[in-house]
Amino acid sequence: MTSQTVASPPTAGSPPGSDLPAPFSLDISSILSLLPNDAALDEWFLRFASDNDESGYQFEIDQHGRLWAMASEGLDGQQRQFNLQFDLQNWLSTGPGGAVVIGNALVRLPGFGRKAADAGWISPEQLEDLPPAGQRPFGIPFAPRFVVETRSQSDSLESQQSKMEEWKSYGVAVGWLIDPFARQVHVYRPDAEPEVLDDPETIDGGPELVGFVFDVRRRVFDL
């Protein structure tokens, strides 16, 4: 089965005055259901993303087989992601171990799910469940213990909240949705309603990420 190239839709869904491509989604579950196994889905998705590399979009598939196309990050968004990943890596070097998840690390999830978080952390216990290096399957075969999503200019808050709820349903222990435009952080934990922090100076990752305190005001909001 061959992959397909998508044309950029009108930018009516983008913010006023923006030249970013409008985000959109398509139900492709009928196509994906024809694939015989996860390996074939991985191959199809990689080829699809490669064929559409110059479209200005980043792609994900949710657990129900819906393809989501989001505008690629601009310079500000890339800097926010880098700051998150850099500070997590610094914490990890003196912290509990595990591995930092960066924005282009694809996570393989139940059903059709193929997603990527802006940043995240895999615990040492989760790493123990992986095969040895060189024998590991494509992508991360489980949800990280911690994920961060940073809202970009083209993302609606509702779509990002929906994505965070999906991450939570996969077993993520703690998730942050950082909204640099409203200067808010939405904190997600299992069996609890999201907690909204208004213009916090820092976010404490405890108790899940002991000792990780992110200077969100300086590293994200005030860029």
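Computed from a predicted structure; not experimentally measured.

S.K.: Describe the overall build of the protein, listing the residues and the values that go with them.
M.R.: Regarding its fold elements, the protein presents six helices and 13 strands. Radius of gyration (C-alpha) of the protein: 17 Å, near the 17 Å computed for a compact globule of 223 residues. Each of the three principal axes of the protein carries a C-alpha extent, and together these read 50 × 50 × 30 Å. Scored against the burial criterion, the 223 residues of the protein give a buried share of 46%. In the protein, the proportion of contacts linking residues at least 24 apart, taken out of those at least 6 apart, comes to 57%. Of the roughly 11100 Å² that the protein leaves accessible, carbon and sulfur atoms contribute 50%. Within the protein, the 33 negative side-chain charges are centred at a point lying 1 Å from the centre of the 16 positive side-chain charges.

S.K.: Break down helix α2 (residues 38-51) for me, citing the residues and quoting the values.
M.R.: Between the first and last C-alpha of α2 there are 20 Å, a value that for 14 residues agrees with the 20 Å anticipated at 1.5 Å per step. Those residues of α2 that sit buried are Ala-40, Leu-41, Asp-42, Trp-44, Phe-45 and Phe-48. Each element contacted by the buried residues of α2 is listed here: α1 (29-32), β2 (57-61), β3 (66-71), β5 (107-108) and β6 (114-115). Residue Asn-37 occupies the N-cap position of α2, its side-chain oxygen lying 3.2 Å from the main-chain nitrogen of Ala-39.

S.K.: Residue-level account of the packing of aromatic side chains, with values.
M.R.: A complete count under the given rule lists 12 aromatic pairs for this structure. Relative to Phe-212, the ring of Trp-91 has its centre 5.7 Å away and its plane inclined at 50°; by these criteria the two rings are tilted. Residue Trp-91 is located in helix α3 (residues 75-94), and its partner Phe-212 is located in the loop between β12 (203-204) and β13 (213-214); the two are separated by 121 residues in the primary sequence. Across the pair, Phe-212 and Trp-91 agree in class, each one buried. An aromatic cluster is built from Trp-91, Trp-121, Phe-146, Trp-176, Phe-212 and Phe-214, whose rings are joined through pairwise contacts.

S.K.: Any chance you could break down the nonpolar core for me, citing the residues and the numbers?
M.R.: Phe-146, Trp-176, Ile-178 and Phe-214 are the most contacted members of the largest nonpolar core, which totals 21 residues. For this core, the elements supplying multiple residues, two or more each, are α3, β7 (119-122), β8 (146-150), β9 (174-179), β10 (184-188) and α6 (216-221). When residues in this core are grouped by element, the largest group, four residues, is from α3. Setting aside residues up to four positions removed in sequence, Phe-146 forms contacts with Leu-88, Ala-119, Gly-120, Trp-121, Val-172, Val-174, Trp-176, Leu-209 and Phe-212. One finds Phe-142, Met-164, Trp-167 and Val-172 within the second-largest nonpolar core, a separate group that totals 17 residues.

S.K.: I'd love a proper account of the environment of Arg-114, names of residues and values included.
M.R.: Following the sequence through the fold, Arg-114 ends up in strand β6. The class of Arg-114 is buried, set by a relative accessible area of 1%. In this structure, the C-alpha to C-alpha distance between Arg-114 and Ala-69, residues 45 residues apart in sequence, is 12 Å. Ignoring sequence-local partners within four residues, the contact set of Arg-114 consists of Asp-38, Leu-41, Asp-42, Phe-45, Glu-60, Ile-61, Leu-106, Val-107, Arg-108 and Leu-109. There is a polar contact of 2.8 Å between the side chain of Arg-114 and the side chain of Asp-42.

Calculation rules
Residues numbered from 1 in each chain as written. Predicted model: local features only at pLDDT ≥ 70, side-chain atom pairs only at ≥ 80, totals over all residues. Heavy atoms only, no water. Helix = DSSP H or I, 4+ residues; strand = E, 2+ residues; numbered from the N terminus. Rg over C-alpha atoms; globule rule 2.2 N^0.38 Å. Buried < 20%, exposed > 50% of the residue type's maximum accessible area, 1.4 Å probe, protein only. Contact = heavy atoms within 4.5 Å. Areas by Shrake-Rupley, 256 points an atom, 1.4 Å probe, with all protein chains shown as cover. Lys, Arg positive; Asp, Glu negative; His and termini not counted. Charge placed at Lys NZ, Arg CZ, Asp CG, Glu CD. Expected span 1.5 Å × (residues − 1). Polar contact = N/O pair within 3.5 Å; in protein donor to acceptor, adjacent residues only side chain to side chain. Phe/Tyr/Trp six-rings, centres within 6.5 Å; stacked < 30°, edge-to-face > 60°. Core = buried A, V, L, I, M, F, W, Y, C linked by side-chain atoms within 4.5 Å.

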